[in-house]
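Architecture at a glance
So the chains spell out like this:
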Amino acid sequence: MRNQNFCFSLIVSLFLTFSLADEIVFKDGTVMKNCFLRDEGIEILVWNSLDEVGGPGKTYPRSAIKSFQIIRDEKWDYKPPLTDLTITFIELNPKLAGLHGRVNYDIYGRPIIGGGKLPKLPPDEGALHPEKIVKNLKLKYKEGEEITLSAHIKNVGFAPSQPFRYHWLIDGVLVKEGEYKGILNEMEEATVSLKWKWRKGFHYVTFRILTNQKEIATINNCLTVPLWGWGLVFIVNKKRVEAWHQVRNAYGTFSFEDYYRWHIDIMNKLFQKSVFPSAPNGIIARVRLDRIIYTDDVEKAHRELVSPDGLAYHQGCWVWSDSEEEKKGNWQPPDKEWRTQTEWSLPHELGHQLGLTDLYFLDYQGDENHTMPDNGEKITHFMTHPITMMHWHGPHIFSEIDAGYLNMTYDKPRGHFGDHYFAIPRENFLRIVDINGNGVPNARVEIYQRGIKVDESKGPAYDHGVCYFPVVEDGDFSPLVSRVPVIVGYTDKDGLLRLPNRPVKEVRTLNGFHRRPNPFGNINVVGERGLLLVKVIKGERPSYFWLEIYDFVVAWFRGNKDKFTIVLKTPYASIDSPLPPKEVKVTKIDKNSVKITWKSPQVIREQQYLDRPIGFRVYRRISNDGLNDRPWFPVGTISYQPDEDIYELTVDLQEYPQDIYWFSNVNRFGVSTIGECGKESELIETILND
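Values in this document were obtained by computation on a predicted structure and should not be read as measured data.

Right, let's talk about the overall build of the protein for a bit. The secondary structure content of the protein amounts to 12 helices and 35 strands. Along the longest, intermediate and shortest principal axes, the C-alpha atoms of the protein span 105 × 65 × 50 Å. Approximately 30300 Å² of the protein is accessible, and the part contributed by carbon and sulfur atoms is 51%. If the 85 positive side-chain charges of the protein are averaged to one point and the 91 negative ones to another, these points end up 5 Å apart.

The structure is reproduced here in structure tokens:
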């Protein structure tokens, strides 16, 4: 018998050793072939052979990797005749109330808690005093309250399990041990519980299986979850779970539960690594899988998740809806390409369950009312920090606005959405500066807003000398950027303009956010009203900028709750700038290069040292976005020659910052004269017409 087991293990090992597998190219030129990798966003886990998959892997930082390919042949799905014990989730009881489905919105975009058997208050009172509505709900555990922790153990292998021992640990300290004496057949489940008195703080519970039985995987024999984490619920059809059991997934096991619980782990890892000035320790909030509901009817199970009192006792739920084919019984294992990758959409969607917004709502493809003066194309905007989980899914960390929100609300019930958009500093200023960074005095500033219709039947109001106009409040937050400005003002002698605090219907949320009068007015929680188009006019020359609500909220989280100033740099001249170049032109040489030509400035004042040029600087800008979105970048500097009048510079079009030019790739060029002490003239622009 012993020799037979040895021969079987040898055959399996030889079979798995020759599998076609993944390839990694490192930035130092090293290539690793026929390995097995797992993408965890900030890092890649690697195993050298298939028989190692299911055990600890070697970790490489993502920054060290140039590219990778996931290549799995049929051997990946070989089913070893072994057991595989896993901890599918650890459940906490009693449950805390959640607010999903109990936050309602009026025509002003105010989130107001209500419905079910909750106390009914007049709308304005409910908007300002949400604590009165939830006063009878169990939203937190009390110090010393007895909690029941239940570990759900399942055999996701292909052979019966033997009895096993187990350990319960709190913060790494053993608090209970025992033995499960039964046998779990394939896909059978057992539950082991622990009574624990609740303690405030950031505590972890660990359940560990101890067995000498050979298993398909050992990485699923231990599960550690954050006790302060928000409890999430998965609802899934039993047949879907069975279909996943027929094939191996990216986690390395034949288990639906392992694969999707692993995404919860990834989410927490990305929380920890989302470090910013306002979140120096990353995101302290955590999530945990509190329940999996197995059912034959997921829609019905989802409905029944709401208790008779109208509340859902969870902090977020994800449902795997059945397709029409699946409802007819046509269940198939998931596609190999899908299940061997990380499903980055899931942490993004679970982020919504926690209240995080789609940051791509801050993108704007432009409209016919606001066009570039040089080519007539729409003025567009692409979100300032798009490489983030809530804009483009993974493999990315969460953004600073997400970090601030989750850190402030980690111990609050979920159900609100986007109320962090109310976190606007009390006073907000624009500082309009010229090409040299000096304030531009007496510049006209017109501000247009997305998501509103200006009520042109009513007259303007004023705040600190700046004019603003009323808007139509009908619950519609979808309009394009307003045709007429909602704010109009002029900069002072230092280039400053204080943005008016427009009146709002005030609202407070349980998360601690308060919508007060602010430059955006009645901000809605999705983000449409969180985008302002700024048109600065000095002389006859307009400059366009975009203000994202993101920057205001981040400033608030960084501690600038009372005052915040945004600097907008224009191409205008200073009062002591040299005279600008003349006749700036661009000529295409070939598909990869252009020639910029210009003439020396006109001499107006003989021997005036402020006018004396010492050189020229050539700039390039790509896209129709605002000047602060995709700004000018220098591409060359040329010295001034007194005996020359015509200058030229060849520019390689392939050399430019690897920014994201989403809506437009229009090339613009500009030339400025450099005077004494590095002062520049206004920027004289030209556009490349392909």
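Close approach of charged atoms lets side chains of opposite charge pair. The tally for this structure, following the rule as stated, stands at 50 salt bridges. The shortest N-O distance in the salt bridge between glutamate 91 and lysine 95 comes to 3.0 Å. Among the ionic contacts, a cluster of salt bridges with common partners joins Glu91, Lys95, Arg288, Asp290 and Arg291.

Right, let's get into the packing of aromatic side chains. In the structure shown here, the tally under the stated rule is 39 aromatic pairs. Look at phenylalanine 382 and tryptophan 392: their rings are 5.7 Å apart centre to centre, the planes differ by 55°, and that puts the pair in the tilted class. In this pair, phenylalanine 382 is assigned in the loop between helix H9 (345–353) and helix H10 (389–392) and tryptophan 392 in helix H10, connecting sequence segments 10 residues apart. According to the relative accessible area criterion, phenylalanine 382 is buried, its value standing at 2%. Judged by relative accessible area, which is 31%, tryptophan 392 ranks as partly exposed. On the numbers, 4.7 Å between centres and 55° between planes, the contact of phenylalanine 616 with tyrosine 647 is tilted. Taken together, the residues span a long stretch of sequence, with phenylalanine 616 in strand E31 (residues 615–622) and tyrosine 647 in strand E33 (residues 646–652) at a distance of 31 residues. Clustering of aromatic rings is evident, with ring pairs tying together Phe234, Trp244, Tyr251, Phe256, Tyr259, Tyr260, Trp262 and Trp320. Positioned above the aromatic ring of tryptophan 556 is the side chain of lysine 561, whose terminal nitrogen or guanidinium carbon lies 4.3 Å from the ring centre.

Here we come to the nonpolar core. Burial of nonpolar side chains together is a common tendency in soluble globular proteins. If you look at the biggest cluster of nonpolar residues, it comprises 89 residues, and the most contacted ones within it are Phe398, Leu406, Leu430, Val534 and Leu547. It is helix H5 (residues 256–273) that provides the largest number of residues to this core, a total of nine residues. In this view, leucine 406 contacts Trp230, Phe271, Ile283, Ala285, Leu354, Leu356 and Arg414; residues no more than four positions away in its chain are not counted. Within the second largest apolar cluster, 26 residues are counted, among which are Phe164, Ala190, Leu194 and Leu223.

The next point concerns the sheet that holds strand E22 (residues 487–490). Taking strand neighbours across the sheet as the criterion, the six strands line up as E20-E21-E22-E19-E26-E27 in an open arrangement whose pairing is antiparallel. Edge positions in the sheet fall to strand E20 (461–463) and strand E27 (541–548), since each of these pairs with one other strand and no more. In this sheet, neighbouring strand axes are inclined to one another by 25° on average, regardless of whether the strands run parallel or antiparallel.

By relative accessible area, which is 4% here, tyrosine 647 ends up buried. Each C-alpha atom of the pair tyrosine 647 and valine 445 lies 35 Å from the other, and the pair is 202 residues apart in sequence. At a separation of 3.0 Å, a polar atom in the side chain of tyrosine 647 contacts the main-chain amide nitrogen of glutamine 641.

Okay, the sheet that holds strand E15 (residues 230–237) next. Overall, parallel pairing links the three strands, which are arranged E16-E15-E17 in an open sheet. The outermost strands of the open sheet, each flanked by one partner alone, are strand E16 (287–295) and strand E17 (317–319). Between one strand and the next, the sheet's axes are offset by a mean angle of 20°, whatever the strand orientation. As paired elements, E15 and E17 share three bridges and run parallel to each other. Note that in E17 the partner of valine 233 across the bridge is cysteine 317. Each of E15 and E16 is contacted by H5, which is oriented at about 160° to E16, the strand it contacts most.

As judged from the six bridges shared by strand E29 (residues 582–590) and strand E30 (residues 593–599), these two strands associate in the antiparallel manner. By the bridge assignment for E30, threonine 587 is matched with lysine 595. Between the antiparallel neighbours E29 and E30 lie two residues.

What follows covers the confidence of the model for the protein. In low-pLDDT segments, the atomic positions of the prediction should not be examined closely. Confidence along the protein averages 95 in pLDDT terms, with 97% of residues attaining 70 or more. The low-confidence segment residues 1–16, where pLDDT is below 50, has 10 contacts with residues more than four positions distant or belonging to other chains.

Calculation criteria
- Residues numbered from 1 in each chain as written.
- Predicted model: local features only at pLDDT ≥ 70, side-chain atom pairs only at ≥ 80, totals over all residues.
- Heavy atoms only, no water.
- Helix = DSSP H or I, 4+ residues; strand = E, 2+ residues; numbered from the N terminus.
- Areas by Shrake-Rupley, 256 points an atom, 1.4 Å probe, with all protein chains shown as cover.
- Lys, Arg positive; Asp, Glu negative; His and termini not counted.
- Charge placed at Lys NZ, Arg CZ, Asp CG, Glu CD.
- Salt bridge = Lys/Arg side-chain N within 4 Å of Asp/Glu carboxyl O.
- Phe/Tyr/Trp six-rings, centres within 6.5 Å; stacked < 30°, edge-to-face > 60°.
- Buried < 20%, exposed > 50% of the residue type's maximum accessible area, 1.4 Å probe, protein only.
- Lys NZ or Arg CZ within 6 Å of the ring centre and 35° of its normal.
- Core = buried A, V, L, I, M, F, W, Y, C linked by side-chain atoms within 4.5 Å.
- Contact = heavy atoms within 4.5 Å.
- Pairing = 2+ DSSP bridges.
- Axes fitted to C-alpha atoms, helices over the stretch in contact; angles between N-to-C directions.
- Polar contact = N/O pair within 3.5 Å; in protein donor to acceptor, adjacent residues only side chain to side chain.
- pLDDT = per-residue confidence, 0-100.

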